[in-house]
Amino acid sequence: MEEIEVPAHFLCPISLQLMRDPVTVSTGITYDRVNIERWLFLCKNNTCPVTKQVLQETDLTSTTPNHTLRRLIQAWCTINACHGIERIPTPQPPVDKTQIVKILNDAKKSPSTGRKCLRRLRSITLQSERNRSCLEAAGAIEFLATIITKSDAGSDECDEALSILYHLNISESYLKSIVINNGEEFLESLMRVLKCGNYQSRSYAIMLLKSIFEVADPFQLISVKQEFFTEIVNVLRDHHQFSQQASKAALKLLVELCPWGRNRIKAVEGGGVSVLVDLLLDVTERRVCELMLNVLDLLCRCAEGRAELLKHGAGLAVVSKKILRVSHAASDRAVRILCSVCKFSATARVLQEMLQVGVVSKLCLVLQVDASVKTKERAREILKLNARAWRDSPCVPAHLLSSYPSS
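Residues numbered from 1 in each chain as written. Predicted model: local features only at pLDDT ≥ 70, side-chain atom pairs only at ≥ 80, totals over all residues. Heavy atoms only, no water.

### Considerations on the environment of R286
And step 1. For R286, the position within the fold is in helix α16 (residues 286-299).
And step 2. Considering only alpha carbons, one finds R286 and Q74, 212 residues apart in sequence, at a separation of 46 Å.
And step 3. When near neighbours in sequence (up to four residues on either side) are disregarded, R286 contacts V326 and S327.
And step 4. Of note is the side chain of R286, whose polar atom sits 2.9 Å from the side chain of E290. (Helix = DSSP H or I, 4+ residues; strand = E, 2+ residues; numbered from the N terminus. Contact = heavy atoms within 4.5 Å. Polar contact = N/O pair within 3.5 Å; in protein donor to acceptor, adjacent residues only side chain to side chain.)

### A closer look at the nonpolar core
A general feature of soluble globular proteins is that nonpolar side chains tend to end up buried together.
And step 1. Judged by nonpolar contacts, the single largest core of 113 residues is most densely connected at I206, F213, F228, L296, L309 and M354.
And step 2. For L309, the contacting residues outside a window of four places in its chain are V273, V277, L296, C300, G315, L316, V319, I337 and V341.
And step 3. F10, V23, C48 and L55 belong to the second-largest nonpolar core, a separate cluster that totals 20 residues. (Core = buried A, V, L, I, M, F, W, Y, C linked by side-chain atoms within 4.5 Å. Buried < 20%, exposed > 50% of the residue type's maximum accessible area, 1.4 Å probe, protein only.)

### Brief notes about the sheet that holds strand β3 (residues 64-65)
And step 1. Taking strand neighbours across the sheet as the criterion, the 3 strands line up as β2-β1-β3 in an open arrangement whose pairing is antiparallel. Edge positions in the sheet fall to β2 (30-32) and β3, since each has one partner strand and no second.
And step 2. Summarising the sheet, strand β1 (residues 22-24) and β3 pair through 2 bridges and their orientation is antiparallel. Among the inter-strand pairings, V23 is bridged to a residue of β3, identified as P65.
And step 3. Its contacts with the sheet put helix α1 (residues 33-42) on β1, β2 and β3, and the angle it makes with β2 is roughly 95°. (Pairing = 2+ DSSP bridges. Axes fitted to C-alpha atoms, helices over the stretch in contact; angles between N-to-C directions.)

### What about the packing of aromatic side chains?
And step 1. Within the structure shown, the criterion is met by 5 aromatic pairs.
And step 2. Ring centres of Y166 and Y204 lie 4.9 Å apart, and the angle between their planes is 25°; this geometry places the pair in the stacked category. Within this pair, whereas Y166 is found in helix α7 (residues 156-167), its partner Y204 is found in helix α10 (residues 199-214), the two being separated by 38 residues in sequence. Of the two residues, Y166 and Y204, both sit in the buried class.
And step 3. Grouped by ring-pair contacts, the aromatic residues F213, F228 and F229 constitute a single cluster. (Phe/Tyr/Trp six-rings, centres within 6.5 Å; stacked < 30°, edge-to-face > 60°.)

### Quick notes on the side chain of R130
And step 1. Residue placement: R130 occurs in helix α5 (residues 129-137).
And step 2. No salt bridge forms around the buried R130; measuring N to O, its nearest opposite-charge neighbour E37 is 4.5 Å away.
And step 3. Polar contacts involving the side chain of R130 include one to the main-chain carbonyl oxygen of V95, which spans 2.6 Å. (Lys, Arg positive; Asp, Glu negative; His and termini not counted. Salt bridge = Lys/Arg side-chain N within 4 Å of Asp/Glu carboxyl O.)

### Some remarks on the pattern of salt bridges
And step 1. Taken as a whole and judged by the stated rule, the model has 20 salt bridges.
And step 2. The salt bridge involving K109 is made with D106; its shortest N-O contact spans 3.2 Å.
And step 3. Ionic pairing is found between K248 and E285, a salt bridge with its closest N-O pair at 3.8 Å. In this pair, K248 sits in helix α13 (residues 244-257) while E285 sits in the loop between α15 (272-280) and α16, placing the two residues 37 residues apart along the sequence.
And step 4. With relative accessibility at 28%, the residue E285 sits in the partly exposed group.
And step 5. Each member of the salt-bridge network shares a partner with another, and the members are D297, R301, R333 and R336.

### Concerning the packing of helix α12 (residues 226-237) against α13
And step 1. Two elements in contact, α12 and α13, have axes whose closest approach is 9 Å; the angle formed by their N-to-C orientations is 145°. α12 and α13 meet at a crossing whose hand is left-handed. Only S247, A250, L251, L253, L254 and L257 of α13 make contact with α12, whose side of the interface consists of F228, F229, I232, V235 and L236.
And step 2. Split by residue class, the contact of α12 with α13 holds 10 nonpolar, 1 polar and no charged. (Left-handed = near helix turned anticlockwise from the far one by under 90°. Nonpolar A, V, L, I, M, F, W, Y, C, P; charged D, E, K, R; others polar.)

### As for the layout of surface pockets
And step 1. Here the second largest pocket defines a volume of roughly 390 Å³.
And step 2. Lining the second largest pocket are 16 residues, with D21, R33, P91, Q92 and Q127 sitting closest to its centre.
And step 3. At the level of secondary structure, the elements contributing two or more residues to the lining of the second largest pocket comprise α1 and α4 (111-127).
And step 4. Here the lining of the second largest pocket is built from residues that sort into 7 nonpolar, 4 polar and 5 charged.
And step 5. Composition of the lining of the second largest pocket by domain shows at least three residues from each of domain 1 (8-83) and domain 2 (93-201). (1 Å grid on protein atoms, 1.4 Å probe; cavity = no way out; pocket = protein on both sides within 12 Å on 5 of 7 lines; lining within 4 Å. Points joined across faces, edges and corners; volume = space filled by probe spheres on them. Domains from an automatic or database assignment.)

### A short note on the environment of G358
And step 1. Looking at where G358 falls in the secondary structure, it is placed in the loop between α20 (348-356) and α21 (359-368).
And step 2. Residue G358 is classed as buried on the basis of its relative accessible area of 19%.
And step 3. In this structure, the C-alpha to C-alpha distance between G358 and S320, residues 38 residues apart in sequence, is 7.3 Å.

### Overview of the side chain of R33
And step 1. Within the secondary structure, R33 is located in helix α1.
And step 2. A relative accessible area of 8% means that R33 is categorised as buried.
And step 3. Among the polar contacts made by the side chain of R33, one reaches the side chain of D21 at a distance of 2.7 Å.
And step 4. Leave out the neighbours within four places in its chain, and R33 touches D21, V23, T63, P65, P94 and R130.

### Digging into helix α22 (residues 373-385)
Count 3.6 residues to each turn of an α-helix, and residues three or four apart come out pointing the same way.
And step 1. Given a rise of 1.5 Å per residue, 13 residues ought to cover 18 Å, and the 18 Å separating the end C-alpha atoms of α22 matches this to within 8%.
And step 2. Among the residues of α22, those classed as buried are T375, R378, A379, I382 and L383. Axial view of α22: buried residues confined to an arc of 140°, hence all on one face. Of the residues in α22, the exposed ones pointing more than 90 degrees away from the buried face are V373 and K374. (Expected span 1.5 Å × (residues − 1). Arc of directions from axis to C-beta.)

Written out as structure tokens, the structure reads:
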């Protein structure tokens, strides 16, 4: 491809790559189907990327194939085959809503046709963003949610339906419809998958749950059962069996749920604090570390969470270690955790442990380096709260002693 010049009108204006399935929108501009459909359906835009004009309603539901240009591109590929150019295949016509409705109706006739139809739906789902939008409009989401609800966790039908539902990248309005129409029953089904499903299905379940609870109402957030938190923590505990995307989803789910009602205590009772401390010992990825500290900060805002942190042999040490080593956000969360401990759980033993594991010297260092204003304020507050206990500590730099509070 680098040895010859590709005609400019053969290139997609979005990707600047040779078009394989050119389609034209109402503004007269031609794009490669996969790129313009991603622009319209995944990124939720309604304008032409080149002209910035608002597209017609028909463009938002379908695009017009440019067969003439596609044949010209195919002919050019054939002529230049000696340069290593492969001829692009003739694309299959996209499915429409009517075809999908027929597939859904066929799936309801018998278990054997149901499995065949599920495989067909999966193939359609993975083809393009437009197909995924068509599946939503045809009622596939409700159909798949019903299969997941009525099938045994771990069954082939349940696993296939869960995979399709995840890959649909469901829009917010349809996520809300799942919660409204299927509600508790659907969430219970996902809980069974988390308990009994294979690792791939459990990954899909945790990522779907994250998306669902992001649009759930406060009552649903408060009403989450204890066993649900236990299963989320189990995903984190077995993180090496899951993708990083699934592990992040579990952490984000805890961030979403823990501020509500007694959810902090439920997460603590599910083993959340000890698992997070163990994971923080080895975590290297910045964003994951920030999420873990964020969750741990939320859990340490209740007495049960602080007690679990202090019970863990490495609790205070690992939190202190992350200060000034990861990012400003991570340092801020770690100092917030220490602030919660010092305000509400600072026994003589705890203060002595803070000296021994280097918490005090790290807090003094925060005051001297480039940290956020809030982080410095909290570090100073911790030092003031425990001035008498720590004043004689060799951990405090000598040049700070003159201004170190005495009471």
